[in-house]
Amino acid sequence: TCIPPIDPPATQNKLSMPKRSKSRACARTMSRMVTTGNSTAHAFCVAASVLAEHPDCKLHVAGGLLRHRDSALEGDSTVAFMKQFKVDIAIISAMGIEADGSLRDLDRRETPVAQALIGQARETWLAVDVSKFNQTALASAATLSQVKRVFTEGLPPAPFPLMLHEADIALT
């Protein structure tokens with residue numbers, strides 16, 4: 001059973017906004033789930049529960065290999081699924097963000113999924129906790145230049161605030 005770890009009345013109020021704002025409210029909800037460390041499977045479960053209450057929102061769930069250790073989806077079938085859609089907003093995360101602006105991941109099998117999402121999105125948002133800034137990781141998934149908005153719970157360390165400002169990337 002999926003039980004959202006968010007206050008349903010607060011979520012309901014956020015999602016009763018005009019259609020364009022609903023996607024932003026959904027992204028704020030997803031950002032809060034990512035930055036509080038919920039697993040991907042749980043985040044999708046919560047998103048499905050929230051969106052199911054709103055008939056004008058649709059949630060498609062990708063196939064592929066579900067990794068047991070962290071509930072990440074990976075593999076060619078996941079990438080192929082993602083490439084079927086053109087979306088307004090892709091919400092991604094990263095295990096690390098290096099000072100050169102590269103978004104890094106520990107598992108190179110996840111990077112094609114992130115790259116497919118970014119490639120199919122009109123806009124990409126990054127949801128990370130502030131500890132991910134200045135972290136290194138093995139695989140490069142994307143760059144900050146591909147991101148329009150960053151959601152985090154605190155002010156990132158230098159040089160990131162200036163880098164985000166100069167690239168016209170919103171920090172929320």
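Now for a description of the structure that goes with this document. (Residues numbered from 1 in each chain as written. Predicted model: local features only at pLDDT ≥ 70, side-chain atom pairs only at ≥ 80, totals over all residues. Heavy atoms only, no water.)

Here we look at the sheet that holds strand 7 (residues 139–143)
So, point 1. Spatial strand order, 4-5-7: three strands in an open sheet with antiparallel pairing. The outermost strands of the open sheet, each flanked by one partner alone, are strand 4 (96–97) and strand 7.
So, point 2. Sitting on the sheet, helix 5 (residues 111–119) is in contact with strand 5 (102–105) and strand 7, with an inclination near 10° to strand 7. (Pairing = 2+ DSSP bridges. Helix = DSSP H or I, 4+ residues; strand = E, 2+ residues; numbered from the N terminus. Contact = heavy atoms within 4.5 Å. Axes fitted to C-alpha atoms, helices over the stretch in contact; angles between N-to-C directions.)

Regarding the nonpolar core
One broad trend across soluble globular proteins is that nonpolar side chains are buried collectively.
So, point 1. One finds Ile97, Leu103, Leu126, Leu144 and Val150 to be the most contacted residues of the largest nonpolar core, which totals 15 residues.
So, point 2. When residues no more than four places from it in sequence are discounted, the contact partners of Leu126 are Ile92, Ser93, Ala94, Ile97, Leu103, Leu144, Val147, Arg149, Val150 and Phe151.
So, point 3. Val79, Phe81, Val113 and Ala116 belong to the second-largest nonpolar core, a separate cluster that totals six residues. (Core = buried A, V, L, I, M, F, W, Y, C linked by side-chain atoms within 4.5 Å. Buried < 20%, exposed > 50% of the residue type's maximum accessible area, 1.4 Å probe, protein only.)

Some details on the pattern of salt bridges
Opposite charge on two side chains lets them pair, provided their charged atoms get close.
So, point 1. Taken as a whole, this structure holds six salt bridges when the rule is applied.
So, point 2. In this structure, Arg104 and Glu98 form a salt bridge, with 3.5 Å as the shortest nitrogen-oxygen distance.
So, point 3. Judged by relative accessible area, which is 15%, Arg104 ranks as buried.
So, point 4. Each of the salt bridges in this network shares a partner with another, and the network as a whole consists of Glu74, Asp107 and Arg109. (Salt bridge = Lys/Arg side-chain N within 4 Å of Asp/Glu carboxyl O.)

Re the sheet that holds strand 8 (residues 149–151)
So, point 1. If you trace the four strands from one edge of the open sheet to the other, you get 3-6-8-9, paired in parallel fashion. The open sheet is flanked by strand 3 (87–92) and strand 9 (170–171), the only strands paired with a single partner.
So, point 2. As defined by bridge partners, strand 6 (residues 121–127) adjoins strand 8 across three bridges and the pair is classed as parallel. Within strand 8, the residue paired with Trp125 across the bridge is Arg149.
So, point 3. Packed on one face of the sheet, helix 5 meets strand 3 and strand 6 and runs near 135° to strand 6.

Some details on helix 5
So, point 1. By the burial criterion, the buried members of helix 5 are Thr111, Val113, Ala114, Ala116 and Ile118.
So, point 2. The secondary structure elements touched by the buried residues of helix 5 are strand 2 (73–74), helix 4 (76–82), strand 3, strand 5, strand 6 and strand 7.

Comments concerning unusual backbone geometry
So, point 1. Here the amide bond leading from Ala158 into Pro159 is cis, since omega sits at 10°, within 30 degrees of zero.
So, point 2. Inspection of the secondary structure puts Pro159 in the loop between strand 8 and helix 6 (160–166).
So, point 3. Its identity as a non-glycine residue notwithstanding, Asp168 has a phi of 60°, on the positive side.
So, point 4. You can see Asp168 is positioned in the loop between helix 6 and strand 9.

Here's the deal with the pairing of strand 5
Within a regular beta strand, the side chains point alternately toward one face of the sheet and then the other, so they alternate between its two faces.
So, point 1. Every second residue of strand 5 is oriented toward a common face, with Ser102 and Arg104 on one face and Leu103 and Asp105 on the other, all of them buried.
So, point 2. Of the pairings in the sheet, the one linking strand 4 to strand 5 comprises two bridges and is antiparallel in character. Directly across from Ile97, in strand 5, lies its bridge partner Leu103.
So, point 3. Counting the residues in the hairpin turn of strand 4 and strand 5 gives four residues, including Gly101, whose phi is positive at 90°.
So, point 4. In terms of strand pairing, strand 5 meets strand 7 through four bridges, oriented antiparallel. Counted as the bridge partner of Leu103 is Ala142 from strand 7.

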